[in-house]
Amino acid sequence: MSDFTFWVIFSNLLLALRWTIALSLVAFVCGGAVGLLMLFARVSKIGWLEALTRGYIEFFQGTPLLMQLFLLFFGLALFGLEVSPWLAATLALTLWTSAFISEIWRGCVESISRGQWEASSSLAMTYIEQMRYVILPQALRIAVAPTVGFSVQVVKGTALASVIGFVELTKAGTMLNNATFRPFLVYSLVALMYFALCFPLSFFAKKLEGRLNAAR
Amino acid sequence: MPLVDIRDVRKSYGAVEVLKGVSLDIAQGDVAAIIGRSGSGKSTLLRCINGLETYQSGSICVDGVEVAGEKTNLRELRRNVGMVFQQFNLFPHLTAAQNVTLAPKVVNKTGETQAMDLAKEMLAKVGLSDKAGNYPSQLSGGQQQRVAIARALAMRPKVLLCDEITSALDPELVNEVLRVVERLAKEGITLILVTHEMRFARDVGTKLVFMHAGKAHEEGPPKALFDAPRTPELRQFIGAPA
Ligand SMILES: Nc1ncnc2c1ncn2[C@@H]1O[C@H](COP(=O)(O)OP(=O)(O)O)[C@@H](O)[C@H]1O
Ligand SMILES: [Mg+2]
């Protein structure tokens, strides 16, 4: 019988942590990109497009991420589409992230005063030009802190990918526990690793927020 | 043909009619001062002229182009109509010079060097050559408003609309802005100003318009109107003896 030492557990968790980071990064970057499209659609003033995105956002905000993962993983299989746990997890987290992040950004865009729109309209700028040169640069500054703050939610969200068999930090913890029967040690280490990822992010977000408030 | 030709314009917000058939014409080189009580529709009229608001009936033509026309290119129209706001509305993330050059660059595709010359020229016109690199937050209210004027002028509009541009300023900063406007008037730029500065309207205006209850109630040469208002409403407004 092999003897799992602390270091074996620790190193295996570290290896799995890479996948948590990879999944977080991909979900955050792709979610951000989709979220940006959603944002444009949401504030487009084109009725049906707005309604469509609102429906999309309501769905992903109004159902548990776990259900979204199941739906993608098992749902697509029903249609004969074999999706790997990695693909299903990436897709679900991307869509989920995009819904939340586009709403955060919409709040930032809508906090820019009407006077900015009117001044740029009066200067003959088109909607796209107004967004590009006047509204988004200002909204972006406001958006940095809550966006970084939300990235913490994405990191924690990746833990759910364990239930469809994707071996990231949480899943690796479960497997190591089954082999070693040392749940307290294993899950303490898992928690510490999540904390090591998330704490700097939320700390950074708080700092940014403070600096922005001070600048006003 | 007048530069701005306003014919029987009616505008409602929901059930409330704010403009009840306004007619007015403003010729090239006119300095039209619009006065009247708060809520009489002055801002609304001004905002209809550059298409910030729509109207339900009547017509507004700027340089022969109907603002609300089916085929009207609002972008073309707005290149000819500049606007300065009570609250300045400068772009806070851009310097004074960048505020001035943004629209020329983006809308008119003015090149970088030409844009820099333009910023210099326009900021000099409002007496702020030394503030080109300052952000709005680093400028006083009066300076911000002068940058806003330079920004509007940079598009070389045919007519400049000013909506109570000194009302948000501390009293000691009002004059520096009025002096700039006076200089523009002398240069022959067509101006339509909503103002509470009666002295200024009288001395600089070539035309006075008194808005009352959604109509251009009385209009004429400023001095004549101030000295001898024809309607009791204007008489009461300017506090002249009956
Ligand atoms: N967006 C709006 N929605 C509803 N009512 C408005 C709106 N803007 C202005 N009004 C109303 O229209 C009337 C005229 O307003 P305004 O043109 O701003 O007057 P003034 O500039 O002469 O003070 C006011 O009674 C005001 O309450
Ligand atoms: Mg007003």
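What you see is a predicted model, and the numbers here were worked out from it, not measured in a lab.

Enquirer: With reference to specific residues and values, describe the overall build of chain A.
Expert: What chain A contains, in helices and strands, is eight helices and zero strands. When its helices and strands are written in sequence order, chain A yields α-α-α-α-α-α-α-α. Along the first, second and third principal axes, the C-alpha set of chain A runs to 80 × 50 × 20 Å. Burial analysis of chain A (216 residues in total) assigns 44% to the buried set.

Enquirer: Please set out the interface of chain A and chain B residue by residue, giving values where relevant.
Expert: Contact residues are listed per partner, giving 17 residues for chain A and 22 residues for chain B. Summed over both partners, the interface of chain A with chain B comes to about 1,600 Å²; 64% of that surface belongs to carbon and sulfur atoms. Of all residues in chain A, the largest losses of buried area upon contact with chain B belong to Ser122, Leu123 and Ala124 of chain A, amounting jointly to 36% of the total for that side. Taken together, the links from chain A to chain B amount to two salt bridges.

Enquirer: Go over the sheet that holds strand β1 (residues 4-13) of chain B with me, naming the residues and quoting the values.
Expert: Residue and element names in this part refer to chain B. Taken in spatial order, the four strands of this open sheet run β2-β1-β4-β5, and their pairing is antiparallel. Of all the strands in the sheet, the pair left with one neighbour each is β2 (16-26) and β5 (65-66). Across eight bridges, β1 lies against β2 in antiparallel orientation. Bridged to Ile6 within β2 is Leu24.

Enquirer: Tell me about the packing of aromatic side chains, and please be specific about residues and values.
Expert: Applying the stated criterion across every chain yields a total of 17 aromatic pairs over all chains. Here Trp86 of chain A and Phe166 of chain A contribute two aromatic rings whose centre-to-centre distance is 5.5 Å and whose plane-to-plane angle is 35 degrees, an arrangement assigned as tilted. Separated by 80 residues along the polypeptide, Trp86 of chain A in helix α4 (residues 85-110) and Phe166 of chain A in the loop between α6 (127-157) and α7 (169-180) bring together distant segments of the chain. For Trp86 of chain A, a relative accessible area of 30% puts it in the partly exposed group. The class for Phe166 of chain A is buried, based on a relative accessible area of 8%. The structure contains a cluster of three or more aromatic residues connected by ring pairs, namely Phe6, Trp7 and Phe10 of chain A. Above the face of the Tyr13 of chain B ring, Lys11 of chain B is positioned so that its terminal group lies 4.6 Å from the ring centre.

Enquirer: Quick rundown of the site of ligand 1? Include the residues and the values.
Expert: Residue and element names in this part refer to chain B. With respect to spatial proximity, the complete set of residues near ligand 1 consists of Tyr13, Val18, Arg37, Ser38, Gly39, Ser40, Gly41, Lys42, Ser43 and Thr44. One nitrogen or oxygen atom from the main chain of Gly39 is found 2.7 Å from an oxygen atom belonging to ligand 1. At 2.9 Å, a backbone N or O of Lys42 approaches an oxygen atom of ligand 1. For ligand 1, whose unbound accessible area comes to 560 Å², protein coverage reaches 57%. With three residues, helix α1 (residues 42-49) is the single largest residue contributor to the shell around ligand 1.

Enquirer: Go over the packing of helix α1 (residues 6-42) of chain A against α6 of chain A with me, naming the residues and quoting the values.
Expert: Residue and element names in this part refer to chain A. Two numbers describe how α1 lies on α6: the axes approach to 12 Å, and their chain directions differ by 145 degrees. Considering how the two elements wind past one another, α1 and α6 form a crossing that is right-handed. Along its contact with α1, which presents Ser24, Ala27, Phe28, Leu39 and Phe40, the element α6 presents Tyr127, Met131, Leu136, Thr147, Ser151, Val154 and Val155. Broken down by class, the residue content of the contact of α1 with α6 amounts to nine nonpolar, three polar and no charged.

Enquirer: Which residues make up helix α3 (residues 65-78) of chain A, and what values do they have?
Expert: Residue and element names in this part refer to chain A. The end-to-end C-alpha separation of α3 is 20 Å, in line with the 20 Å expected for 14 residues at 1.5 Å each. The elements touched by buried residues of α3 are α2 (47-62), α4 and α6. Positive backbone phi, at 80 degrees, marks Gly80, one or two positions downstream of α3.

Enquirer: An account of the environment of Leu76 of chain A is requested, with residue identities and associated values reported.
Expert: All names here are of chain A. Turning to its location among the elements, Leu76 is positioned in helix α3. The exposure class assigned to Leu76 is partly exposed, which follows from its relative accessible area of 23%. In the structure, Leu76 is positioned 12 residues away from Ala88 in sequence and 9.0 Å away in space, judged by C-alpha atoms. For Leu76, the contacting residues outside a window of four places in its chain are Leu71, Leu81 and Val83.

Enquirer: Can you break down the pairing of strand β4 (residues 57-62) of chain B residue by residue, with the values?
Expert: All names here are of chain B. As paired strands, β1 and β4 are joined by five bridges and run antiparallel to one another. Note that in β4 the partner of Arg10 across the bridge is Ser57. Sheet analysis places β4 next to β5, joined by two bridges and oriented antiparallel. Paired with Cys61 across the two strands is Glu66, which belongs to β5. The loop that links β4 with its antiparallel partner β5 comprises two residues; one of these, Asp63, has a positive phi angle of about 55 degrees.

Each value, and the rule that gives it
- Residues numbered from 1 in each chain as written.
- Chains lettered and ligands numbered in written order.
- Predicted model: local features only at pLDDT ≥ 70, side-chain atom pairs only at ≥ 80, totals over all residues.
- Heavy atoms only, no water.
- Helix = DSSP H or I, 4+ residues; strand = E, 2+ residues; numbered from the N terminus.
- Buried < 20%, exposed > 50% of the residue type's maximum accessible area, 1.4 Å probe, protein only.
- Contact = heavy atoms within 4.5 Å.
- Buried area = accessible area lost by both parts, 1.4 Å probe.
- Salt bridge = Lys/Arg side-chain N within 4 Å of Asp/Glu carboxyl O.
- Pairing = 2+ DSSP bridges.
- Phe/Tyr/Trp six-rings, centres within 6.5 Å; stacked < 30°, edge-to-face > 60°.
- Lys NZ or Arg CZ within 6 Å of the ring centre and 35° of its normal.
- Near = heavy atom within 4 Å.
- Polar contact = N/O pair within 3.5 Å; in protein donor to acceptor, adjacent residues only side chain to side chain.
- Areas by Shrake-Rupley, 256 points an atom, 1.4 Å probe, with all protein chains shown as cover.
- Axes fitted to C-alpha atoms, helices over the stretch in contact; angles between N-to-C directions.
- Left-handed = near helix turned anticlockwise from the far one by under 90°.
- Nonpolar A, V, L, I, M, F, W, Y, C, P; charged D, E, K, R; others polar.
- Expected span 1.5 Å × (residues − 1).

Purely spatial values, then, with no claim about function.
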